[in-house]
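Residue-level structure breakdown
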Amino acid sequence: MTVQAVSTGVFRIQEDKDMYTASDKRYEKMLYNRCGASGLKLPAVSLGLWHNFGDTGNFENMRQICFTAFDNGITHFDLANNYGPEPGSAEKNFGRILKEDLGQYRDELIISTKAGYDMWEGPYGNWGSRKYLLASLDQSLKRMGLEYVDIFYHHRMDPETPLEETMGALAQAVRSGKALYVGLSNYDGPALRKAEEILDEMHCPFIINQNRYSIFDRTIEENGLKSTAAELKKGIIAFSPLAQGLLTNRYLNGIPEDSRIRTDGRFLKEGALTEERLQQIRSLNGIAAGRGQTLAEMALSWVLRDGIVTSVLVGASRPQQVLDNVKAIENLEFTEEELKKIEEIL
């Protein structure tokens, strides 16, 4: 017996795991934004399988997180070749979920993956060569049991491989039918502009940029990525919009023993939670309360506030977190006074 979440925010009992049927109300509340000037729309909230979908995770919990997401209109599931741990395991687990449950809805899903970080030993398993990107895409498709992905990203800028080679590999992925669209991740504004020129000449459907962005991390405002994407009419999907959990109620009273800082120091270090940062978190929480939101809801709303960011990419360790994050779309408007107060706190 499993428990399945539906769009009403309650959970329904499912006697047989092979009997999953998506909620018929799944499209009633979610907001869908056009990805730049393309024809593709993404849900304002997307699910990232960066954490909690590797070999160390609980598979039944993974299933329920995915069901809850899809039942609430989250159609976009974001992966990368090295997501785990171990690298590749998130794609394998998601592939099993597709085979056993979600695959019947394949044409309603946006599935993305990436290559660009260290994946396998030797000189061909990292960065941005044509050899690496196309081989990695083939491996990702095999792990997920798919003929194609909807979006294939280059995961980071490569200072040594010619940009023309990397962009040519992305274009080849589309020409071969193994990807419908391509994207860039962790690029800055100038590199984005050069890449766009190359991909445009190749008539390659480049539609989206994936970058870290939150109230606490304004890098894409500083390096030109956000303004350039808006100028070129390319979408942005923001990862770590909750700053690895800092922009939630988890740390209002210090560091819980079961927090990610204590249990998994790969991405959030204890040194990041200074007394100054704690005070900022508490002050931001006060603004959120005045808006009738949790801190997490406000943090997601803030990223989506001006229409330049297409979608926020959230992770989840349990189904309820998905339901909590979806609530952010209920209030995306900020007053000038609220925005001013947020900047003053920082």
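Look above for the structure.
Computed from a prediction, not measured in an experiment: that's the story for all the values here.

Reading guide: rules and limits
Residues numbered from 1 in each chain as written. Predicted model: local features only at pLDDT ≥ 70, side-chain atom pairs only at ≥ 80, totals over all residues. Heavy atoms only, no water. Disulfide = S-S within 2.5 Å. Buried < 20%, exposed > 50% of the residue type's maximum accessible area, 1.4 Å probe, protein only. Helix = DSSP H or I, 4+ residues; strand = E, 2+ residues; numbered from the N terminus. Contact = heavy atoms within 4.5 Å.

1. Comments concerning the state of the cysteines
By definition, a disulfide links the sulfur atoms of two cysteines through a covalent bond. Inspection of the entire model under this criterion finds zero disulfides. You can see Cys 204 has no disulfide; the closest cysteine sulfur is in Cys 35, sitting 13 Å from it. Accessibility expressed as a relative area gives 9% for Cys 204, which makes it buried.

2. Points about the environment of Ile 151
Structurally, Ile 151 is set in strand β8 (residues 149-154). On the basis of relative accessibility, which here comes to 0%, the residue Ile 151 falls in the buried class. If we skip the residues at most four places from it in the chain, Ile 151 touches Leu 40, Ile 110, Ile 111, Ser 112, Thr 113, Tyr 181, Val 182, Gly 183 and Ile 208.

3. Examining unusual backbone geometry
Generally, phi is negative for residues other than glycine and the peptide bonds are trans, each holding for most cases. Note the cis peptide between Gly 84 and Pro 85, where omega equals 0°. Tracing the chain through its elements places Pro 85 in the loop between β6 (76-78) and α2 (89-100). Cis geometry is found at the peptide bond from Pro 85 to Glu 86, where omega equals -10°. Among the structural elements, Glu 86 can be located in the loop between β6 and α2. Backbone geometry at His 203 places phi at a positive 55°, although glycine is not the residue there. By the element assignment, His 203 lies in the loop between α5 (189-201) and β10 (206-212). In this structure, Ser 240 is a non-glycine residue whose phi angle is positive, near 55°. When you line up the elements, Ser 240 lands in the loop between β11 (235-239) and α8 (260-263).

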